[in-house]
Amino acid sequence: MKKTIIKICISILLLIIIELFKIDENVKTLIYLIPYLTVGFGVLKKSIKKIKRKDFFDENFLMSIATIGAFIIKERREAVFVMIFYQIGELFQKIAVENSKKDIKTLAKIIPNSANLLKDNKPIIVNADKLKIGDEVLVKPFERIPIDGIVIDGESEINLSILTGESMPVGVKVNDSVASGTINQTGILKIRATKSFDESSANKILELVETAGYKKAKVENIVTSFSRVWTPIVCMAASLVFIIPNIIILFLTKNFEINNIYVWGYRALCILVISCPCALLVSVPLAMFLGIAKSSKDSILIKGTNIIETLAKVNKIFLDKTGTLTKGVFDVVDIKSFNFDRDELLKFAAYAEYYSSHPIAKSIIKKYGKEIDVSKIENYKELENSGIIAKILDREVLVGNRTIMIKNGINIENETKVGIIIYVVIDKILCGIITISDEIKEKSKETIKSLKKIGVAQIKMLTGDRREEAERVAKELQIESFEYSLSPKEKIEILDREFEKNDVSGKICFVGDGINDAACIKRADVGIAMGIKASDMISDIADVIILDDNPIKIRDAIKISKRTINIVKQNIVFSITIKLMVFLSTIIFSTNMWLAIFSDVGVLIIVILNSLRVMIMNY
Amino acid sequence: MEKKYDVVVDCANCARLVNDEIKKISGIKDSEINFIMGKINVKFEDGVDEKKVMSEARKKVKEMDDEFDILI
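Bear in mind that the values here come from a model prediction, so they are computed numbers and not experimental data.

The next point concerns the overall build of chain B. Within chain B, the secondary structure is distributed over two helices and four strands. Against the globule reference of 11 Å for 72 residues, chain B gives a C-alpha radius of gyration of 11 Å, in line with a compact fold. Taken along the three principal axes of its C-alpha coordinates, chain B extends 35 × 20 × 20 Å. Looking at chain B alone, contacts between residues at least 24 apart form 52% of all its contacts between residues at least 6 apart.

Next comes the structure, spelled out in structure tokens:
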């Protein structure tokens, strides 16, 4: 690249020097050849090879013909300039492409290189890609976790920013799972690999981004087909522009005049200069690629440029509730006690739930937060519907939902409160009610609001939960339309019905996180999976993966796509219009080569700069 | 079978031409080029020796322009 810059500078300098002196007409061609060859020798060399291969529609070849032609008709200065600008355009293209590659290469850095494999408890350094499932590795502070696995020894904090964009470290301890690519911060961890290197998070993410470019958007294919015909047509036109007028003039005047050859030759050469469809061929994939790069920077993985196209047309969004709009983590939101100490009530409930692995039980134990003396739990018995009966601190405790209370003859009022309600009965007297609920994600409300704002016509929440819970979330988030108590099959049926009535132009998007959403994610035009935690199967099916679990990224993904598509359209319209205008004006009126140079290189540079705007957007 | 290779091409138009050329090689079912990443994804016919096919492809690409290359 440096070489090209130097060559361009030297030849511009030489050109200026030549212009300063008055040069005799006879040696002018020779003198102008010096800057011409300085900058264009490589191009000429390439095109000679093309002639050997009978490949006449190559841009090097066309540029050579155009410039040599210009020399012949004594437009030497233009010839040199065409070459200089051609090289500048090429250079610009290279710089733009190199720079956008860098965005992906920073991502490639998350791939861990080496690992401390434990063999007979001694660490040996191996290449990370040699690791197998079941291998045990040691990860020191500030090292990247080389492979997906579970912690078998040690405690530490882990920086997940590379996967989720979240810079707050997360604490991990024995039996927690960790993802490759994340950085261990404080302690030493021993990890057992649960996945192969290729299947581990970091590698999968990089592969997704890298392969995104293969699935081509329709518009890219159109552009490619267009350029296949553009070059031959323009070249044909150029030769016709040269031949036909000369024949007609010769026929009409019966008088051969060298001047006519010059005039029409010049026009033909101008047309050759605009024959390369580079501006189109570069700017469309570049903008698409930048759309993918920009979104992956913001923790959104879009699996192909075709998906950018579909995302930009989304007008109906169906959202799963648990895990998508809510955290999918249960929390105690309310404790009501009847003639009983509130903390004591919680203590009894926590003791009762101690042996249960149900998420509801865990939320109660978490809320209690103190040490549990297991020796005080006796006669523990789990009932159906996750009810529990046990003797705790020598008192008989029964906890469970409404059904269990009725079965055990406990008189309860008809509570209308939303959330999951757990009744606590001590010595056969109802002592209190604990309400547990799934917390709504921080950004969910803003997400719904902004999705409406960017023109999504229909937003609907689909949930398997019961009505009260669905109503609570929908009301809080201002979602007007929702359906509840759905089985995964019913969810699919709703999508199917939507597909039947949906018009072709609008696309249907489904956002979900759990295994039970897999079918819907696949069925929708665009399936979005939430969270790196989303099971592997889903991330394979989904078109878009939102790594950091943040619903606002649904909006961001759509916005990036819309902007990318807009920019692509601008580029196409702009470059084709300019080229056609120059093309027509060259045939109909007179023209000059400067205009042709502008419509080639100028347009190229403008559309590349325009594409770069994808990267500098705010939501 | 599908495999990815690094390609060296210096312009978008050339990438298109290289891809068109590679598609013609016998033993190759389809191929997609990603000019910006400098990668080509090749789908082979069943039962072909992909090393042999790719060295053929490389030769072809080199013939087009000796600055082009496929890293096998």
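Having put the structure on the table, let's press on.
Bringing the overall build of chain A into the picture now. Along its length, chain A carries 20 helices and 22 strands. For the C-alpha atoms alone, the extent of chain A along its principal axes is close to 120 × 65 × 40 Å. Partitioning the contacts of chain A with sequence separation of at least 6, the portion at a separation of at least 24 is 66%.

We now examine the domain arrangement of chain A. Note on interface size: it is often stated as the accessible area lost on association of the parts. Looking at the assigned domains, one finds that chain A contains domain 1 (2-104 + 215-286 + 565-612), domain 2 (132-195), domain 3 (300-325 + 441-549) and domain 4 (329-440). Placing the centre of domain 1 of chain A and that of domain 2 of chain A at their C-alpha centroids yields a distance of 55 Å.

Looking now at the packing of helix α7 (residues 218-253) of chain A against helix α8 (residues 258-273) of chain A. Residue and element names in this part refer to chain A. The N-to-C vectors of α7 and α8 enclose an angle of 170°; their axes lie 8 Å apart at closest approach. The orientation of α7 with respect to α8, classified from their angle, is roughly antiparallel. Between α7 and α8, the residues in contact are Val234, Cys235, Ala237, Ala238, Ser239, Val241, Phe242, Pro245, Asn246 and Ile249 and Asn260, Ile261, Trp264, Gly265, Arg267, Ala268, Ile271 and Leu272, respectively. Of the residues that constitute the contact of α7 with α8, the class distribution is 13 nonpolar, four polar and one charged.

Right, let's get into the pairing of strand β3 (residues 39-44) of chain B. Regular strands have side chains that alternate between both faces of the sheet. Residue and element names in this part refer to chain B. Pairing between strand β1 (residues 2-8) and β3: five bridges, direction antiparallel. Bridging from a neighbouring strand, glutamate 2 pairs with lysine 43 of β3. Pairing of strand β2 (residues 28-34) with β3 involves six bridges; the strand directions are antiparallel. Paired with isoleucine 33 across the two strands is isoleucine 40, which belongs to β3. From the end of β2 to the start of β3, which pair antiparallel, there are four residues, and glycine 38 there has a positive phi angle of about 70°.

Time to look at unusual backbone geometry. Residue and element names in this part refer to chain A. Even without being glycine, lysine 74 reaches a positive phi, approximately 65°. Here lysine 74 shows up in the loop between α3 (59-72) and α4 (76-108). The exposure class assigned to lysine 74 is partly exposed, which follows from the 15 C-beta atoms found within 10 Å. The phi dihedral of lysine 428 falls on the positive side, at around 65°, and the residue is not glycine. Turning to its location among the elements, lysine 428 is positioned in the loop between β16 (420-426) and β17 (429-440).

Before going further, it helps to examine the sheet that holds strand β10 (residues 300-302) of chain A. Residue and element names in this part refer to chain A. Taken together, the seven strands give an open sheet; going across it, the order is β10-β22-β21-β20-β11-β18-β19, and neighbouring strands pair in mixed fashion. Edge strands, defined here as strands with exactly one partner in the open sheet, are β10 and β19 (481-483). Between one strand and the next, the sheet's axes are offset by a mean angle of 20°, whatever the strand orientation. Relative to strand β22 (residues 544-546), β10 runs antiparallel, the two sharing three bridges. Bridge assignment links isoleucine 302 to a residue of β22, and that residue is valine 544. Lying over the sheet, helix α19 (residues 552-588) contacts β10, β11 (314-320), β20 (507-512), β21 (526-530) and β22, oriented at roughly 45° with respect to β10.

Next up on the list: the nonpolar core. The biggest cluster of nonpolar side chains holds 136 residues, and the ones touching the most others in it are Val82, Val273, Ile528 and Val544 of chain A together with Val18 of chain B. Ranked by the residues each element gives to this core, the list is headed by helix α9 (residues 278-297) of chain A, at 13 residues. If you count residues domain by domain, this core takes at least three from each of domain 1 (2-104 + 215-286 + 565-612) and domain 3 (300-325 + 441-549) of chain A. Leaving out residues up to four positions away in the same chain, valine 18 of chain B has contacts with Val7, Val9, Ile33, Val61, Met64 and Phe68 of chain B. Ranked by size, the runner-up nonpolar core spans 29 residues in total, among them Leu345, Ala350, Ala390 and Tyr423 of chain A.

Another point: the pairing of strand β15 (residues 395-400) of chain A. Residues and elements named next belong to chain A. Looking at chain direction, strand β14 (residues 387-392) and β15 are connected through five bridges and run antiparallel. Paired with alanine 390 across the strands is valine 397, a residue of β15. Between β14 and the antiparallel strand that follows it, β15, lie two residues; leucine 393 among them carries a positive phi value of about 45°. One ladder, built from four bridges, connects β15 with β16; its direction is antiparallel. Within β16, the residue paired with glycine 400 across the bridge is tyrosine 423.

Quick look at the sheet that holds strand β6 (residues 170-172) of chain A now. Residue and element names in this part refer to chain A. Strands sit in the order β6-β5-β8 across an open sheet of three strands; the sheet is antiparallel. At either end of the open sheet lies a strand with only one pairing partner, and these are β6 and β8 (183-184). Pairing of strand β5 (residues 156-159) with β8, which is carried by two bridges, proceeds in the antiparallel orientation. Pairing of isoleucine 158 across the sheet is with asparagine 184, part of β8.

Attention shifts here to the environment of isoleucine 72 of chain B. Residue and element names in this part refer to chain B. Structurally, the position occupied by isoleucine 72 is in the segment after β4 (69-71). For isoleucine 72, a count of 12 C-beta atoms within 10 Å puts it in the exposed group. Sequence separation of isoleucine 72 and tyrosine 5 is 67 residues, and the distance between their C-alpha atoms is 6.5 Å. Filtering out sequence-adjacent residues up to four positions away, isoleucine 72 remains in contact with Tyr5, Met54, Ser55 and Arg58.

Here is what the cut-offs are and how they apply
Residues numbered from 1 in each chain as written. Chains lettered and ligands numbered in written order. Predicted model: local features only at pLDDT ≥ 70, side-chain atom pairs only at ≥ 80, totals over all residues. Helix = DSSP H or I, 4+ residues; strand = E, 2+ residues; numbered from the N terminus. Rg over C-alpha atoms; globule rule 2.2 N^0.38 Å. Contact = placed C-beta atoms within 7 Å. Domains from an automatic or database assignment. Axes fitted to C-alpha atoms, helices over the stretch in contact; angles between N-to-C directions. Parallel < 35°, antiparallel > 145°, perpendicular 65-115°, else oblique. Nonpolar A, V, L, I, M, F, W, Y, C, P; charged D, E, K, R; others polar. Pairing = 2+ DSSP bridges. Buried ≥ 20, exposed ≤ 12 C-beta atoms within 10 Å, placed from the backbone. Core = buried A, V, L, I, M, F, W, Y, C linked by C-beta atoms within 7 Å.

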